[in-house]
Amino acid sequence: NASKKEIDDGLRNFGVDSITRNKIQSNINQGLEKEKIDSIVKTKKESKFERMYSFHKKNPSLGINEALDSLKIEKSFSNRFLYRKMNVFYSFSQDSEKANQEFSKELISYASISIFIFLPIFTLFLKLLYVRRKYTYVEHLIFIFHTQTFFFILLSIFLLVNFWVANEDIIPIFILIFAIYLILAMKKFYKQGWLKTLFKLFLLSQVYFIMATIGFIMVALIAFTMY
């Protein structure tokens, strides 16, 4: 208000009429309001993670404590963890081959463990699908272990072949062979007709795909958290 009065008095001393003075004051007020709003919006849009990322990009050599002090962010466990994960994310964004290889190893390590958790849960769906058949849960589980063993043997063979003769056409062949094995195995073990076997294989493949997708996301998140 004091500044407004000074401006108004100054304009009056220069002989500016009241209508023009009001327009000038209005323009000044609008300009100040816009500047204030832009500042607030910019602050709101930039998250804590983005602030950390921008700061680390300019100061990659600083440690976590020094960085948080500079950013005026509390050195709590969650903020330290967030900064550490931001550092990992920054490594990936810079296309660091070493970082990608290390993360891939971590991902494979957790994926191998998750299989043992994943298969018993998948067996429950198999038991529900063959609920009228007098098979115990353990028998269904043994069948799943057999099919997975064949899957990994087949995968190992194809990886060795692909190592010597790199060819993308090898993937459909691998899928086709495993699908044929799975149909024959289900028909022989559960002793049902071709139509029922194919229908149940289709249902199981859908459930497997959904669970595998959820499992992969969970494993990737765990690997990234523990990396």
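As the structure is a computational prediction, the values presented were derived from the model and not from experiment. The residue numbers shown here count from 1 along each chain, following its written sequence. Totals for whole chains, interfaces and linings use every residue, but because this is a predicted model, local features are given only for residues with pLDDT of at least 70 and side-chain atom pairs only at 80 or more, for both listing and counting. Excluded from the side-chain calculations are hydrogens and water; all other atoms, namely the structure's heavy atoms, are used.

### Some remarks on helix α7 (residues 137-164)
To be explicit about the condition: Runs of H or I in DSSP of at least four residues are treated as helices and runs of E of at least two as strands, each being numbered from the N terminus. One less than the residue count of a helix, multiplied by 1.5 Å, gives the span that helix is expected to have. Each residue is placed in one exposure class: buried if its accessible area under a 1.4 Å probe, protein chains only, is under 20% of its type's maximum, exposed if it is over 50%, and partly exposed if it falls in between.
Taking 1.5 Å per residue, 28 residues should reach 40 Å; α7 reaches 41 Å between its end C-alpha atoms and fits that length. Looking only at α7, the buried set comprises H140, L141, F143, I144, T147, Q148, L154 and F158.

### A few points about unusual backbone geometry
Backbone geometry at K191 places phi at a positive 55 degrees, although glycine is not the residue there. A residue is classified by how much of its surface remains accessible, and K191, at 60% relative accessible area, is exposed.

### Focus: the side chain of Q192
Our working rule: The definition of a polar contact used here is a pair of N or O atoms within 3.5 Å, where within protein one atom must be able to donate a hydrogen and the other to accept one, and adjacent residues in sequence count solely through side-chain atom pairs. It only takes one pair of heavy atoms within 4.5 Å for two residues to be counted as in contact.
Tracing the backbone through its elements, the reader meets Q192 in the loop between α8 (170-190) and α9 (194-226). Judged by its relative accessible area of 10%, Q192 falls in the buried class. A distance of 3.1 Å separates polar atoms of two side chains, one belonging to Q192 and the other to K200. Contact partners of Q192, with chain neighbours within four places excluded, come to Y130, R133, K187, T197 and K200.

### Here's the deal with a nonpolar patch on the surface
Selection criterion: Patches here: salt-bridge-free residues with over 30% relative accessible area, like charges joined within 9 Å, nonpolar side chains (Val, Leu, Ile, Met, Phe, Trp, Tyr) joined within 5 Å. The accessible surface values rely on the Shrake-Rupley method and a 1.4 Å probe; as for residues, cover is taken only from the protein chains in view. Think of a salt bridge as a Lys or Arg side-chain nitrogen and an Asp or Glu carboxyl oxygen that are within 4 Å of each other.
Together, I153, I157, V161, F163, W164 and V165 give the surface a local cluster of nonpolar side chains, amounting to about 700 Å² of exposed area. Note on placement: W164 falls in helix α7. When its relative accessible area of 70% is taken as the criterion, W164 is described as exposed.

### Topic: the nonpolar core
Spelled out, the test is: Buried Ala, Val, Leu, Ile, Met, Phe, Trp, Tyr and Cys residues form a nonpolar core when they are joined through side-chain atoms within 4.5 Å.
Among the nonpolar cores identified, the biggest contains 21 residues, and L126, F143, M186 and Y190 are the most heavily contacted of them. Of all elements in the fold, only α6 (97-129), α7, α8 and α9 reach the threshold of two or more residues within this core. In terms of residues, this core owes the most to one element, α8, which gives eight residues. Those residues in contact with L126 that lie beyond four places of it in its chain are H140, F143, I144, Y190 and L204. A67, L68, I73 and M86 belong to the second-largest nonpolar core, a separate cluster that totals nine residues.

### Some remarks on the environment of K187
By the element assignment, K187 lies in helix α8. Through-space distance from the C-alpha of K187 to that of T197 is 6.1 Å; in sequence the pair is 10 residues apart. Ignoring any residue separated from it by four or fewer positions in sequence, one finds K187 in contact with Q192, G193, W194 and T197.

### Some words on the environment of M186
Relative to the assigned elements, M186 resides in helix α8. M186 sits in the buried class, given a relative accessible area of 2%. Along the backbone, M186 and K200 are 14 residues apart, and their C-alpha atoms lie at a distance of 9.2 Å.

### Brief notes about the packing of aromatic side chains
Heads up, the rule is: When two rings of Phe, Tyr or Trp (its six-membered ring) have centres within 6.5 Å they constitute a pair, described as stacked for plane angles under 30 degrees, edge-to-face for angles over 60, and tilted for the intermediate range.
Under the criterion given, the structure shown has 14 aromatic pairs. Centroid distance F151 to F152: 5.5 Å. Interplanar angle 80 degrees. Geometry classified as edge-to-face. Classification of F152 by relative accessible area gives partly exposed; the value is 36%. A connected cluster of aromatic rings, assembled from ring pairs, spans F150, F151, F152, F158, F174, F178 and Y181.

### Focus on the environment of E50
For E50, the position within the fold is in helix α3 (residues 48-58). A residue is classified by how much of its surface remains accessible, and E50, at 39% relative accessible area, is partly exposed. Remark: the alpha-carbon pair of E50 and M86, spanning 36 residues in sequence, is separated by 8.8 Å.

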